[in-house]
Amino acid sequence: MKENCTHELFDRYVMPTYGRFPITLERGEGCRVWDDEGKEYLDFGAGIAVCSLGHCHPRVADALATQARTLVHTSNLYYNRAQGLLAERLVKAAGAPGKVFFANSGAEANEGLYKLARKYGNEAAAPTPRHNTGEAIDYPPSRHEILTFDGSFHGRTLAGIAATGQEKVRKGFDPLTPGFRQVPFNDAPALLAAIRPGTTAILLETIQGEIGVRPATSSFLKTVRSICDDHGLLLMVDEIQCGLGRTGDWTAWKTLVGDEILPDAISWAKGIGSGFPLGAFWVRDRAITLKAGGEISLANLLGPGSHGSTFGGTPLASAVGNTVLAVVEEENLLANAREAGDYAKEALKAIGSPLIKDVRGIGLMIGVELAEDYAQKSGHCAAGAVPSLALIGRLHERGLLSVPSGTHAVRWLPPLNVSREEIDKAVGILRDALS
Ligand code: PLP
């Protein structure tokens with residue numbers, strides 16, 4: 001009854017932009033949530049990789065309450081210490097000197113990257129290709145094209161959907177924001193062939209999350225870095241879903257490539273606030289030569305008046321971010337993400353179901369890819385139904401929340417402090433749902 005009432009409110013008053021599951025959540029604690037009828041679920045979606053410390057972590061709740069009684073908001077016309085301290089933490093997380101800008105969401109953090117790339121393309125001196133063929137390159141006055149990848153997801157703003165390499169996200173929103181082009185993922189020759197004189201940056205998800213959890217290969221990332229160096233392009237990585245601990249390091253880049261070479265910019269959101277809305281991007285401190293003459297650090301290229309946000313980095317958001325990152329550190333959750341992730345993957349592989357084609361991912365970003373003929377083989381997926389959604393419905397019945405990833409994969413993105421017992425229980429539920 002209660003649930004129907006909530007659904008009715010949504011039907012009448014909330015825009016129907018989401019396909020929602022018929023569950024109304026009311027309460028959470030750690031890795032568990034309860035619906036309005038008191039049914040308990042293990043939450044292996046964690047709000048799509050958001051609740052990095054689980055639900056209602058006492059330290060996060062205390063930080064929120066204390067800061068709410070001290071100072072919730074100041075505009076960015078003033079300094080606030082919590083923002084400075086969070087920026088310091090994020091620069092350390094990035095692994096090299098640089099500076100951070102604060103936003104409120106992932107799409108907004110990526111908007112900052114697009115602006116950084118355009119400013120760089122418009123104001124930096126044209127590059128001298130490292131492997132000069134001797135042929136003069138006719139650079140346009142405005143280099144502003146950003147190359148992104150098929151299958152990527154970068155958010156729902158107008159520029160975000162133009163950056164995103166998925167047709168379904170853009171459908172109906174023509175004309176697309178110009179200046180974005182997609183190339184095949186993990187395909188260095190295709191990327192190299194796609195670069196034009198007007199290209200200024202490459203943006204990639206270190207692990208693509210929305211089409212079945214697809215990590216970039218380490219050799220691809222190294223090649224992309226060297227292509228960017230050769231052609232004077234910025235290398236920007238979207239770690240909104242995979243970053244800040246999920247792979248067992250502060251950056252997924254580090255997990256895949258190590259720390260000898262680095263990207264030029266990284267965007268984050270989701271896990272920083274463990275549920276409190278917060279986004280950010282880091283830009284590396286690296287000297288660039290300007291067309292107008294002189295040098296500037298890339299980290300200072302977006303200077304006064306060039307970018308802003310009313311709510312970005314408020315004392316409240318920053319206090320929460322500082323607490324979340326401190327807890328990840330103090331409770332050794334990077335190691336837990338690595339070890340629990342390996343444990344979960346082994347347990348998932350051991351299910352040995354013919355309905356599972358592959359189990360992949362890194363740390364606690366795991367994709368279970370379903371067999372192509374899941375609908376025919378499973379006996380519980382109606383003709384025309386989407387296999388990932390059919391399985392997720394069965395998991396819900398059994399008390400497990402997970403996130404679909406395309407039509408044939410289910411994603412596990414549990415909190416970074418998930419326990420072995422919780423993993424065992426989730427694996428048992430999945431095994432039962434597949435049987
Ligand atoms: N980039 C990636 C990789 C994401 O996974 C998401 C969200 O799912 C976004 C960007 C957009 O973030 P937000 O929904 O906070 O705008």
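What you see is a predicted model; the values in this text were computed from it and never measured.

Chemist: Go over the overall build of the protein, please, and point to the residues and values.
Modeler: Of the regular secondary structure elements, the protein holds 15 helices and 19 strands. Relative to a compact globule of 435 residues, whose C-alpha radius of gyration would be 22 Å, the protein shows 22 Å and is just as compact. A sequence separation of at least 24 residues applies to 68% of the contacts in the protein between residues at least 6 apart. Surface exposure of the protein reaches about 19,400 Å², of which carbon and sulfur atoms provide 55%. The average position of the 44 basic charges and that of the 49 acidic charges among the side chains of the protein differ by 2 Å.

Chemist: Explain helix α5 (residues 106-123) residue by residue, including any values.
Modeler: Over its 18 residues, α5 extends 26 Å from the first C-alpha to the last, a length consistent with the 26 Å expected when each residue adds 1.5 Å. Of the positions making up α5, those classed as buried are G106, A107, A109, N110, G112, L113, Y114, L116, A117, Y120 and G121. Near the N-terminus of α5, the side chain that reaches the backbone nitrogen of E108, with its oxygen 3.2 Å away, is that of S105.

Chemist: Which residues make up the nonpolar core, and what values go with them?
Modeler: Of all hydrophobic cores here, the largest spans 93 residues; its most connected members are I202 and W412. Two domains each donate at least three residues to this core, and these are domain 1 (2-56 + 332-434) and domain 2 (71-329). Ranked by size, the runner-up nonpolar core spans 22 residues in total, among them Y114, A201, M236 and L290.

Chemist: Could you give an account of the sheet that holds strand β18 (residues 403-404), with specific residues and numbers?
Modeler: Ordered in space as β15-β16-β19-β18, the four strands form an open sheet in which the pairing is antiparallel. In this open sheet, the two edge strands, each paired with only one partner strand, are β15 (356-362) and β18. Examined bridge by bridge, β15 and strand β16 (residues 365-370) share six bridges and lie antiparallel to one another. Bridging from a neighbouring strand, V359 pairs with V368 of β16. The strands touched by helix α14 (residues 387-397) within the sheet are β16, β18 and β19 (409-412), with β19 carrying the most contacts at an inclination of about 50°.

Chemist: So what's going on with the domain arrangement of the protein? Residues and values would help.
Modeler: Taken domain by domain, the protein holds domain 1 (2-56 + 332-434) and domain 2 (71-329). Centre-to-centre separation of domain 1 and domain 2, based on C-alpha positions: 29 Å. In this assembly, 29 residues from domain 1 lie in contact with 28 residues from domain 2. Carbon and sulfur atoms make up 58% of the surface buried where domain 1 meets domain 2, a total of about 2,300 Å² over both sides. Three residues stand out in domain 1 for area buried against domain 2, namely L334, I362 and M365, and they jointly supply 29% of the buried area on that side. Applying the counting criterion to the domain 1 and domain 2 interface returns one salt bridge. When the shortest N-O distance is used, the salt bridge between E210 and R411 registers 3.1 Å. On inspection of domain 1 and its partner domain 2, the count reaches 19 residue pairs in polar contact (both at pLDDT 80 or more). Mapped by element, the contributors of at least two residues to the side of domain 1 that touches domain 2 are α2 (46-49), α12 (333-351), β15, β16 and β19. Residue classes in the side of domain 1 that touches domain 2 are distributed as 17 nonpolar, eight polar and four charged.

Rules of the game
Residues numbered from 1 in each chain as written. Predicted model: local features only at pLDDT ≥ 70, side-chain atom pairs only at ≥ 80, totals over all residues. Heavy atoms only, no water. Helix = DSSP H or I, 4+ residues; strand = E, 2+ residues; numbered from the N terminus. Rg over C-alpha atoms; globule rule 2.2 N^0.38 Å. Contact = heavy atoms within 4.5 Å. Areas by Shrake-Rupley, 256 points an atom, 1.4 Å probe, with all protein chains shown as cover. Lys, Arg positive; Asp, Glu negative; His and termini not counted. Charge placed at Lys NZ, Arg CZ, Asp CG, Glu CD. Expected span 1.5 Å × (residues − 1). Buried < 20%, exposed > 50% of the residue type's maximum accessible area, 1.4 Å probe, protein only. Polar contact = N/O pair within 3.5 Å; in protein donor to acceptor, adjacent residues only side chain to side chain. Core = buried A, V, L, I, M, F, W, Y, C linked by side-chain atoms within 4.5 Å. Domains from an automatic or database assignment. Pairing = 2+ DSSP bridges. Axes fitted to C-alpha atoms, helices over the stretch in contact; angles between N-to-C directions. Buried area = accessible area lost by both parts, 1.4 Å probe. Salt bridge = Lys/Arg side-chain N within 4 Å of Asp/Glu carboxyl O. Nonpolar A, V, L, I, M, F, W, Y, C, P; charged D, E, K, R; others polar.

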